[in-house]
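# Chain and residue survey
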Amino acid sequence: MAVVEYLPITNRPLGELIPAELDGRRGALRNRSGVCLLSADTDPQAVHEWLRQYDNDNTLAFYNKEVRRLLVWLTEERGKPLSSMMLEDWADYVRFLEQPSRARSPRARASLRSGLSAASIRQSRAAIASLFQFLVNAGYLVNNPLKLARLSRKRETPALAVKVERRLNPDMLRAVRETIDALEVQLVDGPLDLRAQRKVARQRFALEMLYSTVTRASELCAARTSDLRVWRERGQTILVLQVMGKGSRERAIPLTARVQSVMRDYFGHFGLPDLVTAALSGVPMGSRSFPDVPLLQPLAFRRADKGVTRSALWRIVVEVFEAAAGRIAARDPVQAARLREASTHWMRHTGLTDFLERGGDLRVARNFAGHKGFDTLSTYIHADVSEIHAQLVRGGF
């Protein structure tokens, strides 16, 4: 999935993304003579019918994001509806995905913070190709322009070029944590502001969970206090967070003493009891004293049964990255620029990379991350040429 995940356009109704004159009623690829199996007069209505075919939350969110970004680009950069997209439009759109700064429209540029990798572009293409094929099969369109688009297999960079790592190095991670510390100090020294205190406590909690538990954004947003469980094994009592990941794979994520401390502080700021101790004691969640609520709470001064969305989590995290970048920009502009590119998924990458670099076993890391196989873990192994050479020499190769 693309690293830059959640966009300002995401939560707006599809029909509001584009002007009425570009809603596709007169699209060049519209089927004027045959039977259409959709009760859709416009492109947004047809897209809505396509999205309704999917009930997996992660798939739906990804497809929704990809088609919305394309709709904005087409209307802003091409001045045409989805149902008029031609092969050359797609080729230019791919170049935009590689380098968002080439877009003339600020709205189009705002839909993508940084260029996508070749793998992410292939995923985007698969999503849009699926949409067009659905519209052709339903009789809404007469042809699918992506059937003619050749899927590029070229490398993003020369073979020995440095790969862009979507992770925070130790200095960047330290800057993020120091930024949170500084925000807390400002609140202690300043006038009482309960909402601001909640905001900072939630930022620290979200960042710590994404890093130390390597949960995906979707998993953290779906987690509830009733997912806090006790795991007893080999004479140990371990607090875990039970999550449902990709492929409906359930896993138990251990919560370290550091995470538990941050969690207790966060619960306290939101008027919740010490649910950590309660969970460790085996107290079931769901009563008035120990409520079953989403882990990530909105800032409203009440216990909300509806948590935050992934786009809201993205904003929570990116705001801290922006503040951290501002703190270090003068002394380290390169690191600051990297922080401004970072997103929620970078914290998961960082946590897994640090886990492996500190000697974590690949089998354990696979289960920790909720991956089906070992191949995906190669994303988190960042060995340079000197490290490879040193290990070859030590191994007698």
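These lines cover the structure that appears in this document, whether it is placed above or below. In this numbering scheme, every chain counts its residues from 1 along its sequence in written order. Note on the predicted model: pLDDT of at least 70 is required for a residue's local features to be given, and 80 or more for side-chain atom pairs to be given and counted; whole-chain, interface and lining totals, by contrast, use all residues. To obtain the side-chain values, all non-hydrogen atoms of the structure were used and water was disregarded.

## Focus: the environment of asparagine 31
Helix and strand labels come from DSSP, where a helix needs a run of H or I of at least four residues and a strand needs a run of E of at least two; each type is numbered from the N terminus. Considering the arrangement of structural elements, one finds asparagine 31 in the segment before helix H1 (43-51). Separated by 52 residues in sequence, asparagine 31 and serine 83 have C-alpha atoms that sit 9.8 Å apart. Any pair of residues with heavy atoms lying within 4.5 Å of one another is described as a contacting pair. Setting aside residues up to four positions removed in sequence, asparagine 31 forms contacts with Gly139, Tyr140, Leu141 and Val142. The term polar contact refers here to a pair of N or O atoms within 3.5 Å; inside protein, the definition further demands a hydrogen-donor-capable atom paired with an acceptor-capable atom, and it admits residues adjacent in sequence only when both atoms are side-chain atoms. At 3.3 Å, the side chain of asparagine 31 and the backbone nitrogen of serine 33 are in polar contact. Of the polar contacts made by the side chain of asparagine 31, one reaches the backbone nitrogen of glycine 34; its length is 2.9 Å.

## Some details on the environment of isoleucine 253
The residue isoleucine 253 is located in strand E3 (residues 250-254) in this model. On a C-alpha basis, the gap between isoleucine 253 and threonine 213 in space is 6.4 Å, while along the polypeptide they are 40 residues apart. If we skip the residues at most four places from it in the chain, isoleucine 253 touches Thr213, Thr215, Leu239, Val240, Leu241, Val243 and Phe368.

## Examining the environment of leucine 87
Looking at the element boundaries, leucine 87 is found in helix H3 (residues 87-98). Under the relative-accessibility criterion, leucine 87 is labelled partly exposed at 34%. Accessible area is worked out with a 1.4 Å probe on protein chains only. A residue is then buried under 20% of its type maximum, exposed over 50%, and partly exposed in between.

## Let's talk about empty space enclosed by the protein
Here a cavity means grid points, on a 1 Å grid over the protein atoms only, where a 1.4 Å probe fits yet cannot get out; a pocket means an open set of points with protein on both sides within 12 Å along at least five of seven lines; lining residues are those with an atom within 4 Å of a point. Grid points are joined across faces, edges and corners, and a volume is the space filled by probe spheres set on the points. A complete count under the given rule lists two cavities of 30 Å³ or more for this structure. Leu173, Val176, Arg177, Ile180, Arg204, Leu207, Glu208, Tyr211 and Met347 are the residues that line the largest cavity. Listed by contribution, the elements that provide at least two residues to the lining of the largest cavity are helix H6 (170-189) and helix H7 (194-212). Each residue is assigned to one class: nonpolar for Ala, Val, Leu, Ile, Met, Phe, Trp, Tyr, Cys and Pro, charged for Asp, Glu, Lys and Arg, and polar for all the others, Gly among them. Of the residues assigned to the lining of the largest cavity, the class counts are six nonpolar, no polar and three charged.

## Description of the packing of aromatic side chains
Whether two aromatic rings pair depends on their centres lying within 6.5 Å, for rings of Phe, Tyr and Trp, where Trp uses its six-membered ring; planes under 30 degrees apart make the pair stacked, over 60 edge-to-face, and the rest tilted. Evaluated as defined, the whole model comprises 11 aromatic pairs. With a centroid separation of 6.0 Å and an interplanar angle of 50 degrees, the aromatic rings of phenylalanine 62 and tyrosine 63 are classed as tilted. Taking the relative accessible area as the measure of exposure, tyrosine 63 reaches 16% and is therefore buried. Between tryptophan 90 and tyrosine 93, the aromatic rings sit 5.4 Å apart at their centres with planes inclined by 45 degrees, giving tilted as the arrangement. Taken together, the residues span about one helical turn, with tryptophan 90 and tyrosine 93 both in helix H3 at a distance of three residues. Of the aromatic side chains, those joined through ring pairs into one cluster are Trp50, Tyr54, Phe62 and Tyr63.

## Points about helix H13 (residues 344-357)
It helps to recall that an α-helix has 3.6 residues per turn; residues three or four apart then point in one direction. An ideal rise of 1.5 Å per residue puts 20 Å on 14 residues; H13 measures up with 21 Å between its terminal C-alpha atoms. Extensive coverage of H13 is indicated by the burial of 12 of its 14 residues. Restricting attention to buried positions, one finds in H13 the residues Thr344, His345, Trp346, Met347, Arg348, His349, Thr350, Gly351, Leu352, Thr353, Asp354 and Leu356. Positive backbone phi, at 100 degrees, marks glycine 359, one or two positions downstream of H13. To estimate how far a helix should extend, the number of its residues minus one is multiplied by 1.5 Å.

Just distances and angles here, no functional claims.
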